[in-house]
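Residue strings, one per chain:
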Amino acid sequence: MEENVILSVKNLKQYFEFKSAYVKAVNGVSFDVKKGEILALAGESGCGKSTTAKCIMGLNRITSGEIYFKGNKISDRNVYRAHSKDIHKNLQIVFQDSASALNPKMRIKDIIAEPLRANNICTSQAALDKRVESLMEQTGLDLIYKDRYPYELSGGQRQRAAIARSISTSPDLIIADEPIASLDVSIQAQIVNLFKRLQREHGFSFIFIAHDLSVVKYISDRTAVMLKGRIVEMAPTTELFKNPLHGYTKALISAVPLPDPIYERNKKILEYDFSEFNENGRLTEVLPEHFVYK
Ligand SMILES: Nc1ncnc2c1ncn2[C@@H]1O[C@H](COP(=O)(O)OP(=O)(O)OP(=O)(O)O)[C@@H](O)[C@H]1O
Ligand SMILES: [Mg+2]
């Protein structure tokens, strides 16, 4: 594995059995995440984004394929167990719905402190308190919320607490699964900017999952577009938007609103003809670092 690769997913498959048929939620996905990069996973509802994230987190028993985290094959149960301490400290996830992800019976300060305690990161209560306060400041959460419970916070504030918790152990990789989808539009931009700033300051690698491309364009270094459990296109984000090659990517990009009312009034949203989808295709590098499924 390349030295600068933090996560490597190889031909990952996750099938679910349903009424004696299989749902191929993830059907042969391969990608790397480099140190310090923001990779976006985009695609419509049901394409397999969350399932991919859950497989990486070790929450699913995968059907086949391999997942390497810092060179360790964590898709192997024994390897996962052997490295579980490192994984719990260095691989964090932020969910869409922070309201249900945060323990309702815990105060905000304890929610943020929990991973620090579990990983023995602070040696004294005073150091722990200081660390929690610093994390709250970094994520724009007023210290008056320290002793409050999640239900006493707004959705945006709860997401800030979830983010503070996720960065508390200085992880190598954070996966955020649609972290802004349940928030008001005005709050969405704040949270995206917060992620962007924290990523720059802390340098963690970041998988940002989103169903639409407008945020992806703004935040990510590289984008993988998923459809029906596969990656149909993957490229540096600027290249993907300048030169989309797969019909599905073209359709997604055509739906991204631009701040130009005349253009918006006249624009045509492209439609992807799903009958074009080749079930037996593969992801091929057609230009340097630009992969297309065909
Ligand atoms: N535990 C499960 N059992 C059975 N089917 C599942 C399970 N989890 C996911 N699926 C199915 O796998 C497919 C992919 O689901 P997934 O949640 O990964 O999609 P997604 O891309 O995250 O969608 P969304 O944008 O709606 O969050 C869907 O058809 C879903 O119904
Ligand atoms: Mg999902």
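Right above here is the structure, for reference.
Note that this is a predicted model, so its numbers are computed, not measured. Numbering of residues starts from 1 in every chain and runs along the sequence as written. Whichever chain is written first is A, and whichever ligand is written first is 1; the rest continue in order. Side-chain atom pairs in this predicted model are given and counted only at pLDDT of 80 or more, local residue features only at pLDDT of at least 70, and totals for whole chains, interfaces and linings cover all residues. With hydrogens and water stripped out, all remaining heavy atoms of the structure feed into the side-chain values.

A. Broad picture of the site of ligand 1. We call a residue near a molecule or strand as soon as one heavy atom of that residue lies within 4 Å of the molecule or strand. In the vicinity of ligand 1, the contacting residues are Phe16, Val23, Ala25, Glu44, Ser45, Gly46, Cys47, Gly48, Lys49, Ser50, Thr51 and Glu178. We define a polar contact as two N or O atoms separated by no more than 3.5 Å, with the added condition that, inside protein, one atom must be a possible hydrogen donor and the other a possible acceptor, whereas residues neighbouring each other in sequence contribute only through side-chain atom pairs. Cys47 is positioned with one of its backbone polar atoms (N or O) 3.2 Å from an oxygen atom of ligand 1. Between ligand 1 and Glu178 there is a distance of 3.1 Å, counted from an oxygen atom to a side-chain nitrogen or oxygen. A 1.4 Å probe and the Shrake-Rupley method give the accessible areas. Residues count as covered only by the protein chains that appear here. Taking 640 Å² as the accessible area of ligand 1 by itself, protein coverage stands at 61%. Looking at the shell around ligand 1, the elements with two or more residues in it are β2 (21–34) and α1 (49–56). All residues other than Ala, Val, Leu, Ile, Met, Phe, Trp, Tyr, Cys, Pro, Asp, Glu, Lys and Arg, Gly among them, are scored as polar; the first ten of these are nonpolar and the last four charged. Considered class by class, the residues forming the shell around ligand 1 number 4 nonpolar, 5 polar and 3 charged. Per the convention used, a helix needs a DSSP run of H or I reaching at least four residues, while a strand needs a run of E reaching at least two, with both numbered from the N terminus.

B. Summary view of the pairing of strand β7 (residues 173–177). Think of it in three bands: with a 1.4 Å probe and only protein chains considered, a residue is buried below 20% of the maximum accessible area for its type, exposed above 50%, and partly exposed in between. Buried residues dominate β7, accounting for 5 of its 5 residues. Burial along β7 is two-sided: Leu173, Ile175 and Asp177 facing one way and Ile174 and Ala176 facing the other are all buried. Any two strands are treated as partners once DSSP identifies two or more bridges connecting them. Judged from the 4 bridges that link them, strand β6 (residues 91–94) and β7 form a sheet pairing that is parallel. Each bridged residue has a counterpart across the sheet, and for Ile93 the counterpart in β7 is Ile175. Where the polypeptide runs from β7 across helix α8 (residues 185–202) and back to strand β8 (residues 205–210), its parallel neighbour, the crossover connection is right-handed. Convention used here: a crossover is right-handed provided that the path from the first strand, over the helix, to the second strand proceeds clockwise when the strands point away from the viewer.

C. Structural view of α1. Counting buried residues in α1 gives 6 out of 8 residues, a clear majority hidden from the surface. The set of residues buried in α1 consists of Lys49, Thr51, Thr52, Ala53, Cys55 and Ile56. Within two residues after α1, Gly58 carries a phi angle of roughly 80°, on the positive side.

D. Layout of helix α6 (residues 125–138). One fewer than the residue count of a helix, multiplied by 1.5 Å, yields its expected span. Across its 14 residues, α6 extends 20 Å between first and last C-alpha, which sits within 8% of the 20 Å expected from 1.5 Å per residue. Regarding α6, the residues found buried are Leu128, Val132, Leu135 and Met136. One face of α6 carries all of its buried residues, which in axial projection span an arc of 100°. Opposite the packed face of α6, turned more than 90 degrees from it, sit the exposed residues Ala126, Lys130 and Glu137. The contact definition used throughout considers only heavy atoms, calling two residues in contact when any of these lie within 4.5 Å. Among the structural elements, α5 (108–118) and α7 (155–167) are those in contact with the buried residues of α6. It is the directions from the helix axis to the C-beta atoms that the arc portrays.

E. Molecular detail of the sheet that holds strand β10 (residues 230–236). Taking strand neighbours across the sheet as the criterion, the 8 strands line up as β6-β7-β8-β3-β9-β10-β12-β11 in an open arrangement whose pairing is mixed. Whereas interior strands pair on both sides, the edge strands pair on one side only; in this sheet they are β6 and β11 (283–287). Averaged over all pairs of adjacent strands, the angle between their axes in this sheet comes to 20°, without regard to strand direction. In terms of strand pairing, β7 meets β8 through 5 bridges, oriented parallel. If you follow Ala176 over to β8, its bridge partner there is Phe208. The strands touched by α1 are β3 (38–42), β6, β7, β8 and β9 (222–227); relative to β8, the strand with the most contacts, the crossing angle is about 150°. The sheet contacts of α7 involve β6 and β7, and relative to β6 the element is tilted by about 175°. Between N-to-C directions, angles cover 0 to 180 degrees, with each direction set by a line fitted to C-alpha atoms, over the stretch in contact for helices.

F. The arrangement of the sheet that holds strand β5 (residues 72–73) in detail. Judged by pairing direction, the sheet is antiparallel, and its 4 strands sit side by side in the order β2-β1-β4-β5 without closing on themselves. The two strands at the open ends of the sheet, each matched to only one other strand, are β2 and β5. Inspection of the sheet shows strand β1 (residues 5–18) paired to strand β4 (residues 64–69) by 5 bridges, in the antiparallel sense. Bridge pairing in β4 links Ser8 to Tyr68. Its contacts with the sheet put α1 on β1, β2 and β4, and the angle it makes with β1 is roughly 115°.

G. Fine view of the pattern of salt bridges. The salt bridge definition used is simple: a Lys or Arg side-chain nitrogen within 4 Å of an Asp or Glu carboxyl oxygen. Summed over all chains, the structure comprises 13 salt bridges. Across the pair Lys70 and Asp86 runs a salt bridge whose closest N-O atoms are separated by 3.0 Å. Of the two residues, Lys70 sits in the loop between β4 and β5 while Asp86 sits in helix α3 (residues 84–90), which places them 16 residues apart along the sequence. Notably, a salt bridge pairs Arg165 with Glu114, separated by 2.7 Å at the nearest N-O pair.

H. Main features of the packing of aromatic side chains. For this analysis, a ring pair means two rings from Phe, Tyr or Trp (six-membered ring only for Trp) whose centres lie within 6.5 Å, classed as stacked if their planes differ by under 30 degrees, edge-to-face if by over 60, and tilted for the remaining angles. Considering all chains together, one arrives at 10 aromatic pairs under this definition. Each ring, one from Phe206 and one from Phe208, has its centre 5.9 Å from the other, and the planes form 70°; the classification is edge-to-face. Phe208 carries the same exposure label as Phe206, and that label is buried. Ring centres of Phe277 and Tyr293 lie 5.3 Å apart, and the angle between their planes is 10°; this geometry places the pair in the stacked category. With a gap of 16 residues between them, Phe277 in the loop between α12 (261–266) and β11 and Tyr293 in strand β12 (residues 290–293) connect regions that are remote in the sequence. For the pair formed by Phe277 and Tyr293, the shared burial category is buried. Here the aromatic cluster, defined as three or more aromatic residues joined through ring pairs, consists of Phe195, Phe204, Phe206 and Phe208. Any Lys NZ or Arg CZ found within 6 Å of a ring centre and within 35 degrees of that ring's normal is scored as a charge over the ring. The ring centre of Tyr80 lies 5.8 Å from the NZ or CZ of Arg77, which sits over that ring. For the cation-ring pair, Lys196 lies above Tyr218, with the distance from its terminal atom to the ring centre recorded as 4.1 Å.

Interpretation note: all reported values are geometric properties and have no functional meaning in isolation.
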